[in-house]
Each structure stands twice: as structure tokens, then as C-alpha cells.
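# Descriptive structure summary
Each chain, written out:
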Amino acid sequence: MVKRLEGKVALVTGCGSSGPGWGNGKAMAVLFAREGAKVYGCDIHLDAARETESIVREEGGAMSVAQCDVTDPGAVEALVQDCVTTYGDIDILVNNVGTARLGGVVEQSLEDWRLVFDINLTSMFLTCKHAIPSMLRKGRGASSTSAR
Ligand SMILES: NC(=O)c1ccc[n+]([C@@H]2O[C@H](COP(=O)([O-])OP(=O)(O)OC[C@H]3O[C@@H](n4cnc5c(N)ncnc54)[C@H](O)[C@@H]3O)[C@@H](O)[C@H]2O)c1
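Residues numbered from 1 in each chain as written. Predicted model: local features only at pLDDT ≥ 70, side-chain atom pairs only at ≥ 80, totals over all residues. Heavy atoms only, no water.

## As for the site of the ligand
Note the threshold: To be near a molecule or strand, a residue needs just one of its heavy atoms within 4 Å of it. Whenever a nitrogen or oxygen atom comes within 3.5 Å of another N or O atom, the pair is scored as a polar contact, on the condition that within protein one atom can donate a hydrogen and the other can accept it, and that pairs from neighbouring residues in sequence are kept only if both atoms are in side chains. Using a 1.4 Å probe, accessible areas were evaluated by the Shrake-Rupley method; residue-level cover was limited to the displayed protein chains. When residue character is reported, Ala, Val, Leu, Ile, Met, Phe, Trp, Tyr, Cys and Pro are called nonpolar, Asp, Glu, Lys and Arg charged, and the others, Gly included, polar.
Close to the ligand lie 19 residues, the nearest being S18, N24, D43, G98 and S146. Residue D69 places a side-chain N or O atom 3.0 Å away from a nitrogen atom belonging to the ligand. One of the backbone N or O atoms of S146 is found 3.0 Å from a nitrogen atom in the ligand. About the coverage of the ligand: the protein hides 69% of its 840 Å² of free accessible area. Looking at the shell around the ligand residue by residue, the classes come out as five nonpolar, 12 polar and two charged.

## Some remarks on helix α3 (residues 73–87)
The cut-off we apply is this: For the purposes of this entry, the term helix denotes a DSSP run of H or I that reaches at least four residues, the term strand denotes a run of E that reaches at least two, and both are numbered from the N terminus. Helices are assigned an expected span. That span is 1.5 Å times one less than the residue count. Only protein chains enter the area calculation, which uses a 1.4 Å probe; residues under 20% of their type maximum are buried, those over 50% are exposed, and those in between are partly exposed. Note that the arc is computed from the directions linking the helix axis to the C-beta atoms. Any two residues whose heavy atoms approach within 4.5 Å at even a single point are treated as in contact.
With 15 residues, α3 extends 21 Å between its outermost C-alpha atoms, agreeing within 8% with the 21 Å of an ideal straight helix rising 1.5 Å per residue. Those residues of α3 that sit buried are V76, L79, V80, C83 and Y87. Burial along α3 is one-sided: seen end-on, the buried residues are contained in an arc of 90°. Residues of α3 that are buried in the fold lie against β1 (9–13), β2 (38–43), β3 (62–67) and α4 (110–138). Taking the backbone nitrogen of G74 as reference, a side-chain oxygen 3.1 Å away marks D72 as the first, capping residue of α3.

## Focus: the packing of helix α1 (residues 24–34) against helix α2 (residues 46–58)
Which entries qualify depends on this criterion: Note on geometry: axes are C-alpha line fits, over the in-contact stretch for helices, and angles between N-to-C directions span 0 to 180 degrees. In what follows, roughly perpendicular refers to angles from 65 to 115 degrees, roughly parallel to angles under 35, roughly antiparallel to angles over 145, and oblique to any angle outside these ranges. A crossing counts as left-handed when the near helix is turned anticlockwise from the far one by less than a right angle, and as right-handed when that turn is clockwise.
It is at 10 Å that the axes of α1 and α2 come closest, and there the two elements cross at 25°. Taken together, the axis directions place α1 and α2 in an arrangement best described as roughly parallel. Between α1 and α2 lies a crossing of right-handed hand. Residues K26, A29, V30 and A33 of α1 form the contact with α2, whose participating residues are E51, T52, I55 and V56. Its residues placed into classes, the contact of α1 with α2 shows five nonpolar, one polar and two charged.

## Some words on the pattern of salt bridges
The condition that has to hold: Here, a salt bridge means any side-chain nitrogen of Lys or Arg that lies within 4 Å of a carboxyl oxygen of Asp or Glu.
All told, the structure shown has nine salt bridges when counted by the stated rule. One salt bridge in this structure joins E53 and R57, with 3.3 Å as the shortest N-O distance. Here E53 and its partner R57 are both found in helix α2, four residues apart, which amounts to about one turn of the helix. Residues participating in the shared-partner salt-bridge network are R50, E53 and R57.

## What to know about the nonpolar core
Just so we agree on the cut-off: We call a set of buried residues a nonpolar core when its members are Ala, Val, Leu, Ile, Met, Phe, Trp, Tyr or Cys and they connect through side-chain atoms within 4.5 Å of each other.
Core analysis: the largest hydrophobic core is formed by 17 residues, its most contacted members being L11, Y40, L79, C83 and I90. Taken together, the elements giving at least two residues each to this core come down to β1, β2, α3 and α4. Of all the elements, α3 adds the most residues to this core, at five residues. Residues within four places of I90 in sequence aside, it is in contact with V9, L11, V80, C83, V84, A131, S134, M135, K138 and R140. Among the nonpolar cores identified, the runner-up in size contains 16 residues, and L5, C15, V30 and V65 belong to it.

Dropping the structure here:
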């Protein structure tokens, strides 16, 4: 079987699952590895990321994980550096981490508004800021998001 991501390096944020079973990030990490990618995953909860890593490794795939809060600028910079050191320059960036606060502007608190922007948007600014130079070195790359 041809593996569509053979030789590719994928960085997946939120690669764990917040509940039992499968979340988007966990499923993408496992499927990318099945397609031959080397997957570097992060999660704010390391144990959740480790569970995904175990699934990939038990299937014979390549995956490493790190604890990282994707709203933390220094942590994201270190994350991307470690991904590149571990597997080489990045082909695929999945900005999977996301959140939602329901309700209209009247009910919403400013604190929640800022939290959603930090988690959904600033996190992508940070990962792209550090991953795009890696993609430029390769001359190609792709980035996507689950959260918006
Ligand atoms: N566009 C759509 O149709 C659609 C559908 C489903 C989910 N979503 C969005 O995609 C997001 C991810 O989906 P999922 O199924 O993987 O969710 P999930 O909650 O199962 O997994 C997300 C993971 O992200 C981690 N995480 C949370 N905050 C983090 C942070 N600041 N830094 C690093 N990791 C963090 C959690 O610990 C969790 O393991 C959801 O939050 C939702 O906003 C979008």
C-alpha cells in the first residue's frame, strides 16, 4: 500500500483527547502516522499526548510528544525547535487546539473573549511564526486548523 505521507513531518497540537475515545487531534496524529508521517504532537496534558503516542508506536509508527501550552510564546518556540531537532523540517502543521464559549456579547465576559482569541488565534500566530521558517527551508509546507 502506498503511504501518502511517507517522508513527511507533521506537527499536531492538541494531539491528546480531552475525553475517553477519539478527538480530532488524536485521530489525525494516528492517521498521519499510518500514512507514513513522522508525527510530533503536543498537548497541555502530557498524559493525553502520551496515550496517542502509545497507539502510534504500538502500530509501528513514528511519534514523539511534548507538553506545551500553545498560548505560551516561549513554549511554542521550544516545541517547534524540538520537533525540527527530532524529525527535521516540518511539512504539515495542524493547529488542532481550540475552544468555544457559548453566548452572545451581552452574556460573554471580556475574560472569556480574550481566552478564546488566545487559544484559537494567538496560538496559530505562534505556531506559524516558528514553523513557517522551517517550511521555507524545505520550499513547501501546509498548515490547517480544526478549531474555527
Ligand atoms: N470545525 C469543526 O467542525 C470542529 C469539530 C469538532 C471540533 N472542533 C474544534 O477542534 C478542537 C479540537 O478538537 P478535538 O476533538 O481534538 O478536541 P479534544 O478536546 O478532544 O482535544 C483537544 C486537546 O487539546 C488539548 N489542549 C487544550 N488546550 C490546550 C493548550 N492551550 N495547549 C495545548 N493543548 C491544549 C487538550 O488537553 C486536549 O487533549 C475543539 O476544541 C473544537 O474547537 C471543530
